[in-house]
Amino acid sequence: MSKFPKVLFVLTATVLGSAAAADTLGLGREATPDEVAAWDIDIRPDGAGLPVGSGSVLDGEEVFAEQCAACHGDFGEGVDRWPVLAGGQGTLESEDPVKTIGSYWPYLSTAWDYIHRAMPFGEAQSLSPDEVYAITAYLLYMNDVVDDDEFVLSNENFADTRLPNEDGFFMDDRDASPIMASADACMTDCKDSVEITMRARVLDVTPDQDGAEEMTEAAVTEESAEPVVDPALIAAGEQVFKQCKACHQVGEGAKNRVGPILNGIVGGAAGAVEGFRYSKAMAEAGEGGLVWDHEALAGYLADPRGYLPKNKMTFRGLKKAEDIDAVIAYLASFE
Amino acid sequence: MTKHRTTRRGFLKTTIATGGALAAAGTARAAGDPAITEVQPWAQYLGDGVDARPYGTPSEYEAHVVRRNVPWLTADPVSSVNFTPLHELDGIITPNGLCFERHHAGIAELDPAAYRLMINGLVDRELVFTLDDLMRFPRENHVYFLECAANTGMEWRGAQLNGCQFTHGMIHNVMYTGIKLGHILAEAGVKTEGKWLLAEGADASAMTRSIPMEKALDDCLVAFKMNGEALRPEQGYPVRLVVPGWEGNMWVKWLRRLEIGDQPWHHREETSKYTDLLADGKARRFTWEMDAKSVITNPSPQAPIGHGPGPTVLTGVAWSGRGTIPRVDVSLDGGANWQAARMDGPSLPKSMHRFYYEFDWDGSPLLLQSRAHDSTGYVQPTKDALRAVRGENSIYHNNGIQTWAINEEGVAENVEVS
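Residues numbered from 1 in each chain as written. Chains lettered and ligands numbered in written order. Predicted model: local features only at pLDDT ≥ 70, side-chain atom pairs only at ≥ 80, totals over all residues. Heavy atoms only, no water.

A word on the interface of chain A and chain B. Facing the 90 residues of chain A at the interface are 112 residues of chain B. With both sides pooled, the region where chain A packs onto chain B buries about 8800 Å², and carbon together with sulfur makes up 56% of that total. The tally of links from chain A across to chain B stands at 7 salt bridges. Where A:Arg199 meets B:Glu413, a salt bridge forms, and the shortest distance between an N and an O atom there is 2.6 Å. Where chain A meets chain B, there are 42 residue pairs in polar contact (both at pLDDT 80 or more). Secondary-structure elements contributing two or more residues to the side of chain A that touches chain B are α1 (6-20), β1 (29-30), α2 (33-39), α5 (108-118), β4 (169-171), β5 (196-199), α7 (200-203) and α8 (209-224) of chain A. Looking at the side of chain A that touches chain B element by element, the count peaks at 6 residues for α1(A). (Contact = heavy atoms within 4.5 Å. Buried area = accessible area lost by both parts, 1.4 Å probe. Salt bridge = Lys/Arg side-chain N within 4 Å of Asp/Glu carboxyl O. Polar contact = N/O pair within 3.5 Å; in protein donor to acceptor, adjacent residues only side chain to side chain. Helix = DSSP H or I, 4+ residues; strand = E, 2+ residues; numbered from the N terminus.)

This is the structure in structure tokens:
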């Protein structure tokens, strides 16, 4: 690397040398192979690190619809400001580049690694290797990298599958840029005239400071006016609610996200939050008179898909009854 | 505030004249500033005792000094960023509670008893350390800035956000206590083919970045304190990586694993993100170092000039990922003429520097700019010069010169100038 002065290389060699010379403190203990395997899940472009497994485009379409589409859209087009995953080819030189796996990402391993380690958002590392292969295969299909919906991606053919923009990257060369050269800075009469060419006020996108303060005050008032239920149960529910937060907001200033606002949900009618696009199943259940009393909500939270088939919530459900009671108590604290 | 000035003699006269009336009325008020002439409640009654605030917080009058978010920037606050209120701060150290936050899966709340740091890959011994183990290594203290590569990223195409908090607030500068990464790696024994290091976080995004071994052994720290106290949860409690001078995303928080390899991993945050797309559709990768940059924090849109013409303090901060900032120039006329600002406070490599420029404002409109020079001789470029070589799609590494327009009332606005 040209950016490192030679002195540094000498220094590096010295430090490495001392490490090899067993001049150590003897701290820490040996990691067991199982421990390393549990945490070392990273994948490289050459496929190093991939587990044995496979998944097809068609399988991937199914998993994607269930696990990913709520944020990324059925065709990877992105809902709200969630990332767009497909399309965008030919846009990188335009005023509005669309950087997707097909248009921008250099290596398929990046997608596999990221989906496996961090997705779905809010329930990371819950997908099996086969599911990740399947989703990745479907992403290749949506991006026209493969055109056969029978295509099966596996650890065997993974390294052979290349993305179109692999050669679109080069190493940092800012050192060679003309603006990096040290220059004499002009101090007087550097410009003939100075005109304002753009004003931020015209755009008016700066957050309103007063609004933020009002919100905080309102939230504080609400909190202090809340007695009735066991505060410990509500606090426990707040912890459980962390699993829901990726999609749902509750409290003052809450907005519909991937899931609807949950203010007043306990005792409220199903499918009734204004401005939220419910699944057909949920909308019909609401019209049919489903009310989220404790029993109904408990049943739904234990098994969302079983309780109300074909609804859009991708959550797997809460296993423990005490977690369900706690989260309902927490939600009931918001009117 | 009133502009009326009372001379000492005039003040005395008034006091004497009303003195008699005061004595007669008994309850009439003394003339002068009530902050002085009236007994204030804090001067009369007792305050909280020592145990009322076991962990001290700022005065209630400072409640507006907080990190702020720009909600439209991201899809969800759990994977988002907020901004340091630079316009409210002075000196070079950012208070821990005001250091901007950037999370990819929210704040991980780690139990220090369950904290483990693993080293694996191309090493002689794959090791696991507890927090207690880490406390037995020799420690170092260093002040470093951490700047997000996307700081000022919203301003590539023109002036957009009104406030240095929003335009430049993805930065903080604190003193870290930690262990040289090289000491920890030496325990495991890096094999000669080990040229790269993968740092991984323990949060639900399992953040990863590839770091070249030269940098890892040069000045990186495995840090557990900031400004003397434990890292805040939002800054990676109990342990984070410190990668001085390099983009903030590499300073992996909640650090749980260091893997040694012979090539980089090309993970999401070094391919899809944190690569700089140029106008020709090609992208720079591994743009780690942060270029020299400065910004005037006062006056600025959130901190207008409130006192009218007369003695005025202009101040700001400057920093460089390549060394120190020996000099900052300031312009009051949009870059036509420049004066050297007064540098003050410690000058430490890869740390924020504070500059001041005191002047007598005549009340006419100003176009304020600052221009940093770093210890390599590099001079902070104008936004136009930067766009000429980088296009407008870079997102990252915008270190162009910022302009604030000040009008006759002292109101400041984010603008661009010819």
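Residues and elements named next belong to chain A. Structurally, chain A comprises domain 1 (38-160) and domain 2 (226-332). Relative to domain 2, the C-alpha centre of domain 1 lies at a distance of 30 Å. Taken residue by residue, the interface counts 9 residues in domain 1 and 5 residues in domain 2. Between domain 1 and domain 2, a total of about 800 Å² is buried, with carbon and sulfur atoms accounting for 49% of that surface. When residues of domain 1 are sorted by the area they lose upon contact with domain 2, Glu66, Ala70 and Glu123 head the list and together hold 45% of the total. Linking domain 1 with domain 2 are 0 salt bridges. (Domains from an automatic or database assignment.)

This brings us to the sheet that holds strand β3 (residues 117-121) of chain B. As summarised here, the arrangement of the 6 strands in space is β1(A)-β4(B)-β3(B)-β12(B)-β7(B)-β8(B), forming an open sheet in which the pairing is mixed. Of all strands in the sheet, those bounded by a partner on one side alone are β1 of chain A together with β8 (208-212) of chain B. Of the pairings in the sheet, the one linking β3(B) to strand β12 (residues 255-261) of chain B comprises 4 bridges and is parallel in character. The residue of β12(B) that forms the bridge with B:Asn120 is B:Glu259. (Pairing = 2+ DSSP bridges.)

On to the state of the cysteines, then. All told, the structure shown has 1 disulfide over all chains when counted by the stated rule. Between A:Cys186 and A:Cys190 runs a disulfide, and the two sulfur atoms are separated by 2.2 Å. When the S-S torsion is -100 degrees, as for the bridge of A:Cys186 with A:Cys190, the disulfide is left-handed. A relative accessible area of 28% means that A:Cys190 is categorised as partly exposed. Free cysteine B:Cys99: the closest other cysteine sulfur is in B:Cys148, separated by 14 Å. (Disulfide = S-S within 2.5 Å. Buried < 20%, exposed > 50% of the residue type's maximum accessible area, 1.4 Å probe, protein only.)

One open sheet accounts for 3 strands, arranged β4(A)-β14(B)-β13(B); its pairing is mixed. Strand pairing shows two members of the sheet lacking a second neighbour, β4 of chain A together with β13 (276-277) of chain B, which therefore form its edges. Strand direction decides the pairing type here: β4(A) and strand β14 (residues 283-285) of chain B, joined by 3 bridges, are parallel. For A:Phe169, the partnering residue across the bridge sits in β14(B) and is B:Ala283.

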